[in-house]
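Secondary and tertiary structure notes
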Amino acid sequence: MPRLSVVIPLYNEIESIPALIDALHAALAQADAEVIIVDDGSRDGSARALDEAAQSWGAALKILHLQRNFGQTAAMQAGIDAARGEVIVTLDADLQNDPEDILPLAERLLRENLDVVAGWRKDRKDGLLLRKIPSRIANRLIRRLTGVYLHDYGCTLKAYRASVLKGVRLYGEMHRFIPAWLSTLTYTDRIQEVPVRHHPRRAGKSKYGISRTFRVLVDLFFVKYFLGYSQRPMHFFGTIGLASLAVGSAMLLYLFVDKFVDGAAISGRPMLIAGVLFFLAGLQFLNTGILGEMLSRVYYEAQHKTTYVVRSSVHIDAPET
């Protein structure tokens, strides 16, 4: 069983493949490692180039061809599922991250008994307006909402303990939030980061634009909910529902007293409409919380998931008599 698995999602990077293969050869020459490159439905000839590389590399290089372009998260999950190493390192295929940083990240994870070592592109070689500034804003927001204080969530170069990483499933565009997901399974002080090298893109073109920032913000709301309330959705929806019920009930009680004690007309008053809306919204939030509790139980029980993770166990047999 290889000790290290390197997972690389790839889409339309035919110009980068020869340099990528050479760099991986040089970086992992002395390592007990496997490389898994996931071709995410490339249409530019990358699939053939990867197959030719696999013929020359041998069994240590595995190529997975996906049926179509499913996105980076799905491609990364496919590679993680196929990985057999004790440590899994993820890496982009565009060579902006340096394969020479793979082993230092993996060695630090093992040496300090960590679960995640994330790369930090401290001297990032990207455009300021369209890449650096949106990234800084998104990273600051992610840090505040998730409680996992990393400088660079967008850096794909990260080393993970396989036993922890395989405890989560990635969907949608959630690959950038993997450290936050893993905080549900481990302590945040077991998630560290180190500066890594970053190079200008040498070939091809970036698959990301400014629109990615908006997708990050949308995904972040779900991540925040999942991290805090996935096992207790009633605490989230119930709190909002009770607050809404309280506001609506107070408004309706005030109008009731105003109508039957003071004899005021209330039929055309905006407070009546607002009170009814707050009251009904409160009932709806409570109902949503109940449905969420039921779905949470279905999610865990149908897949035989546990609400805990065992790191290791020690059992000493009683001496024979």
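Going by the structure above, here's the rest.
So, here's what we can say about the structure.

Rules used in this analysis
- Residues numbered from 1 in each chain as written.
- Predicted model: local features only at pLDDT ≥ 70, side-chain atom pairs only at ≥ 80, totals over all residues.
- Heavy atoms only, no water.
- Helix = DSSP H or I, 4+ residues; strand = E, 2+ residues; numbered from the N terminus.
- Buried < 20%, exposed > 50% of the residue type's maximum accessible area, 1.4 Å probe, protein only.
- Contact = heavy atoms within 4.5 Å.
- Areas by Shrake-Rupley, 256 points an atom, 1.4 Å probe, with all protein chains shown as cover.
- Expected span 1.5 Å × (residues − 1).
- Pairing = 2+ DSSP bridges.
- Axes fitted to C-alpha atoms, helices over the stretch in contact; angles between N-to-C directions.
- Core = buried A, V, L, I, M, F, W, Y, C linked by side-chain atoms within 4.5 Å.

Helix and strand counts for the protein chain come out as 10 helices and seven strands. Across the 321 residues in the protein chain, those meeting the buried criterion constitute 43%. Expressed as a percentage of contacts within the protein chain between residues at least 6 apart in sequence, the contacts between residues at least 24 apart total 79%. Of the accessible surface of the protein chain, which amounts to about 17800 Å², a share of 59% is contributed by carbon and sulfur atoms.

Topologically, Val87 is positioned in strand E4 (residues 87-90). For Val87, a relative accessible area of 1% gives the class buried. When the C-alpha positions of Val87 and Val164 are compared, they lie 9.8 Å apart, and in sequence the two are 77 residues distant. For Val87, the residues in contact, after removing those within four places along its chain, are Arg3, Leu4, Ser5, Ala106, Leu109, Leu110, Ala159, Tyr160 and Ala162.

Taking 1.5 Å per residue as the helical rise, helix H9 (residues 233-260) with its 28 residues ought to reach 40 Å, and the 40 Å between its terminal C-alpha atoms agrees with that figure. Those residues of H9 not exposed but buried are Pro233, Phe237, Gly238, Gly241, Ser244, Leu245, Gly248, Leu255 and Asp258.

Here we take up unusual backbone geometry. Trans is the common state for peptide bonds, and a negative phi is the common state for residues other than glycine. The phi torsion at Asn12 lies on the positive side, around 50°, for a residue other than glycine. Residue class for Asn12 comes out partly exposed when judged on its relative accessible area of 23%. Phi at Asn113 takes a positive value of approximately 55°, unusual for a residue other than glycine. Relative to the helices and strands, Asn113 resides in the loop between helix H4 (102-111) and strand E5 (116-120).

Ordered by their spatial adjacency, seven strands build an open sheet running E3-E2-E1-E4-E6-E5-E7, and the pairing between neighbours is mixed. Edge strands, defined here as strands with exactly one partner in the open sheet, are strand E3 (61-65) and strand E7 (191-195). Here the strands of the sheet are splayed against their neighbours by 20° on average, with no regard to which way each runs. By the bridge criterion, four bridges tie strand E1 (residues 4-10) to E4 in an arrangement that is parallel. Residue pairing in the sheet places Val6 in a bridge with Val89 of E4. Against the sheet, helix H1 (residues 17-27) makes contact with E1, strand E2 (33-39) and E3, and its axis sits at roughly 170° relative to E1, the strand it touches most.

So, about the nonpolar core. Leu4, Ile8, Leu24, Leu28, Val35, Ile37 and Ile102 are the most contacted members of the largest nonpolar core, which totals 35 residues. Looking at this core, the elements with two or more residues in it are E1, H1, E2, helix H2 (46-57), E3, E4 and H4. With five residues, the single largest contributor to this core is H1. Each residue touching Ile8, except ones within four places of it in the same chain, is listed here: Leu20, Leu24, Val35, Ile36, Ile37, Val38, Leu91, Asp92 and Ala93.

Geometric descriptors of this kind do not, in isolation, establish any biological role.
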